[in-house]
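Breakdown of the fold
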Amino acid sequence: MVFLTAKMMQRTALFVTVGGLVTSLITTFLPHWKTMNSDLNEVENWFSGLWHTCLYTEEVGIQCKAYDSIMGLPMDLQISRVLMSVSIGTGASAVLAAFPGLEGVEMCMEPPGLKRRLLIFSGVLSWVSGLTTLAPVSVVAYTTVVDFWDEGFPDVMPRWEYGEAMFSGWFGGLALVIGGTLFFVAVCMGDYDRQTSSVPNSPQVKQKTQHYLKTEVL
């Protein structure tokens, strides 16, 4: 296909990676990781995130409060904080490393093969960023399910459920993994194009030579 080139694949990978990075960044600071509302008091809705909890009421609106102590947090939230911070850092590094590795972006001093190495490095960082986003979201989702079905709690007691941030975190993590994979695909396509252009007996070169010979005969 005409549009399926290494250059277009590089830009597609960068676009998907940036989208996943922005989604993961928003997920990190959203307070909607877990939600809870009670049947006894339907006017109150509780939201819990990595950094603070929020209470929404119809009279006052939404009120948020940061956690008093990091050490007092559950272990899954402590681990999620660290992993999400690592995800944002590696995702941003992947974007910064990928931009000078794109075809058409010229640098002052460019050693041979530097763009290829930058794209591979960006792909690895995107994978790490995606996995460190999927891991904490999945851990919090698992603990939420375990606590929800815990038979030790009375049935009338409200329980935490999935929030919107959980699904955005899964989406952002998958986008980062897909973006990293597309970087590797772009590198393979670039290697194939360079190998094809450097071999004089390739079918593409033969076809062009025959075309030129026919033109000269005519």
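Worth saying up front: this structure is predicted, and the values here are computed from it rather than measured.

Observations concerning the pairing of strand β3 (residues 52–57)
Relative to β3, strand β2 (residues 44–48) is paired through 5 bridges, and the arrangement is antiparallel. In the sheet register, F47 faces β3, and the bridge partner there is C54. In this antiparallel pair of consecutive strands, β2 and β3, the connection spans 3 residues. Note: β3 against strand β4 (residues 61–66), 6 bridges, orientation antiparallel. Bridge assignment links T53 to a residue of β4, and that residue is K65. Here β3 folds back onto β4, and the loop between the two strands holds 3 residues.

Examining the packing of helix α2 (residues 75–98) against helix α3 (residues 114–148)
Close contact between α2 and α3 brings their axes to 8 Å; oriented N to C, the two are set at 160°. Our classification of the angle between α2 and α3 gives roughly antiparallel. For the element pair α2 and α3, the recorded crossing hand is left-handed. Of the residues that constitute the contact of α2 with α3, the class distribution is 16 nonpolar, 11 polar and 1 charged.

A closer look at the sheet that holds β3
Spatial ordering of the open sheet is given by β4-β3-β2-β1-β5, a layout of 5 strands whose pairing is antiparallel. Pairing within the sheet leaves two strands with one partner each, and these edge strands are β4 and β5 (161–162).

As for the side chain of K34
Residue position: K34 is located in strand β1 (residues 34–37). For K34, which is buried and forms no salt bridge, the nearest opposite charge comes from D76, at a distance of 5.0 Å. Contact partners of K34, with chain neighbours within four places excluded, come to W46, F47, S48, V140, T144, W160, E161 and G163.

Describing the packing of aromatic side chains
Aromatic rings in a pair are described by how distant their centres are and how their planes are angled relative to each other. All told, the structure shown has 5 aromatic pairs when counted by the stated rule. Measuring from ring centre to ring centre gives 6.2 Å for Y162 and F167, while their planes differ by 80°; the resulting arrangement is edge-to-face. Classification of F167 by relative accessible area gives partly exposed; the value is 48%. Pairing F167 with W170 gives two aromatic rings, centres 5.8 Å apart and planes at 70°, and the pair type is edge-to-face. With a gap of 3 residues between them, F167 and W170 both fall in helix α4 (residues 164–198), about one helical turn apart. Through pairs of rings, three or more aromatic residues link up here, namely Y162, F167 and W170.

Rules used throughout
- Residues numbered from 1 in each chain as written.
- Predicted model: local features only at pLDDT ≥ 70, side-chain atom pairs only at ≥ 80, totals over all residues.
- Heavy atoms only, no water.
- Pairing = 2+ DSSP bridges.
- Helix = DSSP H or I, 4+ residues; strand = E, 2+ residues; numbered from the N terminus.
- Axes fitted to C-alpha atoms, helices over the stretch in contact; angles between N-to-C directions.
- Parallel < 35°, antiparallel > 145°, perpendicular 65-115°, else oblique.
- Left-handed = near helix turned anticlockwise from the far one by under 90°.
- Nonpolar A, V, L, I, M, F, W, Y, C, P; charged D, E, K, R; others polar.
- Buried < 20%, exposed > 50% of the residue type's maximum accessible area, 1.4 Å probe, protein only.
- Lys, Arg positive; Asp, Glu negative; His and termini not counted.
- Salt bridge = Lys/Arg side-chain N within 4 Å of Asp/Glu carboxyl O.
- Contact = heavy atoms within 4.5 Å.
- Phe/Tyr/Trp six-rings, centres within 6.5 Å; stacked < 30°, edge-to-face > 60°.

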